[in-house]
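Each chain, letter by letter, is given below.
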Amino acid sequence: MAGPHLPISGSAPEQGVSTHCPYCSLQCAMTLTPREHGAGPVLEVAGAPFPTNRGGLCEKGQSSAELLAHPDRLTTPLVRDGSGARDEPFRAASWDEALQRIADALTVAQERFGPDAAGLFGGGGMTNEKAYQAGKFVRVALRSASIDYNGRFCMSSAAAAATKAFGVDRGMPFPLSDIARADTVLLVGSNPADVMPPAMRWFAAGRERGARHLVVDPRYTATAAAADVHLQPVPGTDLALANGLLHLAVKHRLVDTAYIAERTTGWPAVKRAVRQYWPDRVERITGVPVRVMERAVRVLAESRATIILSGRGAEQHAKGSDTALAWINLALALGLPGRPFSGWATMTGQGNGQGGREHGQKADQLPGYRMLADPAAREHVAGVWGVDPDELPQPGVSAYEMLDRLGTDGGVRALVVMASNVAVSAPNAAHVRERLRALDFLAVSDIFLSETAELADVVLPTTQWAEEDGTMTNVEGRVLRRRRAVDAPEGARSDLAVLADLAGRLGRGEYFDDDPRTVFDELRRASAGGKADYAGITWERIEAERGVFWPCPSEDHEGTPRLFRDGFPTPDGRARFHVVHHRDAAETPDDEFPYRLTTGRSRAHYQSGTQTRRTKALLDAEPEPTVEVHPDLAARLGVADGGDLLLRTRRGSARLRVRLTSTIRPDTVFAPFHWAGEQTINDLTNPALDPASRMPEFKVCAVELTAVPTTTREDA
Ligand code: SF4
């Protein structure tokens, strides 16, 4: 599949270069090939044969080369003069001045307010090497506890649940292609038809074999439209639905008692707990009719191989980790994890959402999925780093908690943000922007002047995907090679080099390197013996074997495409059931805010939109966000298709164009979160946090809806 012909920014090799897409966790393989075309050289993007995408690319991947030569690309460091208000314009600066300003500001903050006053906020799109370097930089160069990343807003609930139940968090414990071999796939809050279109070939292949698909989603999505059964719960009630289905599975004697006895612990308490979830009660909580639940359970009963696939719709809640545990309970009761073409899995969103959380970017973790609070883990990693374990800080606070306290007593005062646009993507985003402005100092490293970068004292122009070498870990836990295909524009530098340089200016340069391969080899040693063990994975093996699945503890180990076949990595080798109960969302509709707002991704755009809002093909496909409204609700509100709606919650408001659709519940509206300005939907979302994962409740809050006079795009 050939992509568009696009100008390239620097020199490019004459042969095509194999690499992977810069966007989501499917990490589709692609070939970038220079061609002569009219006005000059162009870079052709083509999907490449690979076990996940089999040559397919969605429109984001196809248009990705446009990012490389984009006229908005940052190519020189920017600084502001003066102090405090940050209302001066940026001026171009040398790298030396910009980096010294950052090093000085981090030092001053730590001298005045203590080590944790300097921090770093990372991104789930960073390579494994960068994520590892970021975690090490904060612990070794800054000796600060203040680090977390935007992956906390993506996978943390599923990660917490999987760790509790299975003893390890790898989003998919089996290859994506297993979906085609399952008799039944139950998708919960996941819409791959829109957000990962090339993955749908595995679902389609399953259906051709006669597989049946069930979808749980408040919206009748493109994925739901292709399914056999659609269960449409009220947002925030998936936990009750899972417990209700388990109640029915017990009632109809569908549970696998032999599997439960041999491979699990904790079943009796869960069996007792789900007695409370009789069908009528669950229908009242979820809105899903009893007959639909019964039908879903009948499909599960007739299936010999079932995969339950979770997504952000179920997980981005203040009870997201318990919700994921409820679906895991169902999977365990049906005897799925570890069986062929069966199990529970979750689909990571961001490009390196999986690898980004394995190597130390999370506030409580060290490389290899070791825990920072574990003395043995500290000793091992400190040994690899050549520092005293007692020098390492203890765990810090989670992403939203860090952002919420910026500029306050006890909070971070000087912050470096890498590859993240929290001014748009964090919950309660208007408040987060206020906190960013309250910082003594903010530095942002990015390829474009994002909404977060606009608030900074210093902006660093960074290299991006096709301009650098490194590794990524995809949705399946398969470690991939990202290869350099073109030169970076003059003036841009890799975040690896930035962190190594800053460490030198902070007097800790001897511990850091800026060569990605050297950093990866150190990562391998640091992860050795950990749950996410990369010790046996080399760049050569990745090239030769089309990716290697972790854990891979030695170079003669074949890697681990399928987990749990012989046991679970828990102390007794058994998976654990957990009793979990439904509770209301942190915010429910009332007289002032009578409807529910749910948020998510759209097909043409990605995350905070920093890249996709600058890509012509994607803007042409979706030039502005719309709010999905059911016709019955629209009639009550007095708004027509294409009219404007003001959405207001306790935190903020946004104004969006209406798209009428009967695919959404009449008590709920849906809006995408990729946009900024008065369309920043995260200005409305609720930062209520899950107690275990610290995941904010992006997926549901109470909203007031008011029809307002329609503006043209030019007026807006
Ligand atoms: Fe890129 Fe994801 Fe689209 Fe594949 S599905 S082309 S990885 S955005």
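In this text the structure is predicted, and so the values were computed from the model without any measurement. (Residues numbered from 1 in each chain as written. Predicted model: local features only at pLDDT ≥ 70, side-chain atom pairs only at ≥ 80, totals over all residues. Heavy atoms only, no water.)

## Some remarks on unusual backbone geometry
Residue Trp550 is joined to Pro551 through a cis peptide bond whose omega torsion reads 0°. With a phi close to 55°, Asn428 is a non-glycine residue in the positive phi region. Along the polypeptide, Asn428 turns up in the loop between helix H18 (422-425) and helix H19 (429-438). (Helix = DSSP H or I, 4+ residues; strand = E, 2+ residues; numbered from the N terminus.)

## What about the domain arrangement of the protein?
The domains assigned to the protein are domain 1 (2-67), domain 2 (78-153 + 352-514), domain 3 (163-346) and domain 4 (595-712). In this structure, the connection of domain 1 to domain 2 is made through 0 salt bridges. Those elements that provide at least two residues to the side of domain 1 that touches domain 2 are strand S2 (17-20) and strand S3 (29-37). Broken down by element, the side of domain 1 that touches domain 2 gets its largest block of residues, 4 residues, from S2. (Domains from an automatic or database assignment. Salt bridge = Lys/Arg side-chain N within 4 Å of Asp/Glu carboxyl O.)

## Remarks on the environment of Leu214
Within the secondary structure layout, Leu214 lies in strand S10 (residues 212-216). Residue classification places Leu214 among the buried residues on the basis of a relative accessible area of 0%. When the C-alpha atoms of Leu214 and Trp344 are compared, they prove to be 14 Å apart, with 130 residues separating the residues in sequence. (Buried < 20%, exposed > 50% of the residue type's maximum accessible area, 1.4 Å probe, protein only.)

## A look at the sheet that holds strand S13 (residues 306-310)
Reading across the sheet, the 5 strands line up as S11-S10-S9-S13-S14 and stay open at both edges, with parallel pairing between neighbours. Where the open sheet ends on each side, the last strands, each with one partner, are strand S11 (229-231) and strand S14 (343-346). On average, each strand axis in the sheet is tilted by 15° relative to the strand beside it, whichever way the strands run. Relative to S14, S13 runs parallel, the two sharing 4 bridges. By the bridge assignment for S14, Ile308 is matched with Trp344. (Pairing = 2+ DSSP bridges. Axes fitted to C-alpha atoms, helices over the stretch in contact; angles between N-to-C directions.)

## Quick word on a positive patch on the surface
Together, Arg253, Lys271, Arg272 and Arg275 make up a region of like positive charge exposed at the surface. Here Lys271 shows up in helix H10 (residues 267-273). On the basis of relative accessibility, which here comes to 35%, the residue Lys271 falls in the partly exposed class. (Patch = residues over 30% accessible without salt bridge, like charges linked within 9 Å, V, L, I, M, F, W, Y side chains within 5 Å. Areas by Shrake-Rupley, 256 points an atom, 1.4 Å probe, with all protein chains shown as cover. Lys, Arg positive; Asp, Glu negative; His and termini not counted. Charge placed at Lys NZ, Arg CZ, Asp CG, Glu CD.)

## Some details on the site of the ligand
Residues in close proximity to the ligand include Cys21, Tyr23, Cys24, Leu26, Gln27, Cys28, Leu57, Cys58, Lys60, Gly61, Met196 and Pro198, which together make up its full environment. Its residues assigned to classes, the shell around the ligand shows 9 nonpolar, 2 polar and 1 charged. (Near = heavy atom within 4 Å. Nonpolar A, V, L, I, M, F, W, Y, C, P; charged D, E, K, R; others polar.)

## What about the confidence of the model for the protein?
Here the protein averages 93 in pLDDT, and 96% of its residues register 70 or above. Here residues 1-12 is a poorly scored stretch, pLDDT under 50, and it has 48 contacts once near neighbours within four places are set aside; other chains count. (pLDDT = per-residue confidence, 0-100. Contact = heavy atoms within 4.5 Å.)

## Some details on the pairing of S13
Side-chain positions along a regular strand alternate between the two faces of the sheet. Of all 5 residues in S13, 5 are buried; the element is thus mostly enclosed. Two strands pair when backbone bridges link them, and strand S9 (residues 184-188) and S13 are joined in this way by 5 bridges, in the parallel orientation. Bridging across to S13, Leu187 finds its partner in Leu309.

## Some details on the pattern of salt bridges
On inspection of all chains with the given rule, the structure shows 52 salt bridges. Across the pair Arg91 and Asp81 runs a salt bridge whose closest N-O atoms are separated by 2.8 Å. With Arg91 in strand S6 (residues 91-92) and Asp81 in the loop between strand S5 (78-79) and S6, this residue pair connects regions lying 10 residues apart in the sequence. The class of Arg91 is partly exposed, set by a relative accessible area of 30%. Asp81 sits in the partly exposed class, given a relative accessible area of 37%. In this structure, Glu294 engages Lys251 in a salt bridge whose closest nitrogen and oxygen atoms are separated by 4.0 Å. Separated by 43 residues along the polypeptide, Glu294 in helix H12 (residues 290-301) and Lys251 in helix H8 (residues 238-251) bring together distant segments of the chain.

## Observations regarding the environment of Ala688
Relative to the helices and strands, Ala688 is located in strand S29 (residues 686-689). In this structure, the C-alpha to C-alpha distance between Ala688 and Cys701, residues 13 residues apart in sequence, is 9.8 Å.

## Observations regarding helix H4 (residues 156-166)
Counted residue by residue, H4 has 8 buried out of 11 residues, so it is predominantly covered. All buried positions along H4 are accounted for by Ser156, Ser157, Ala158, Ala159, Ala161, Ala162, Ala165 and Phe166. If you follow the buried residues of H4, they end up packed against helix H13 (312-315), helix H14 (320-333), S14 and strand S23 (575-576). Where H4 ends, the next residue or the one after it, Gly167, has phi of about 85°, a positive value.

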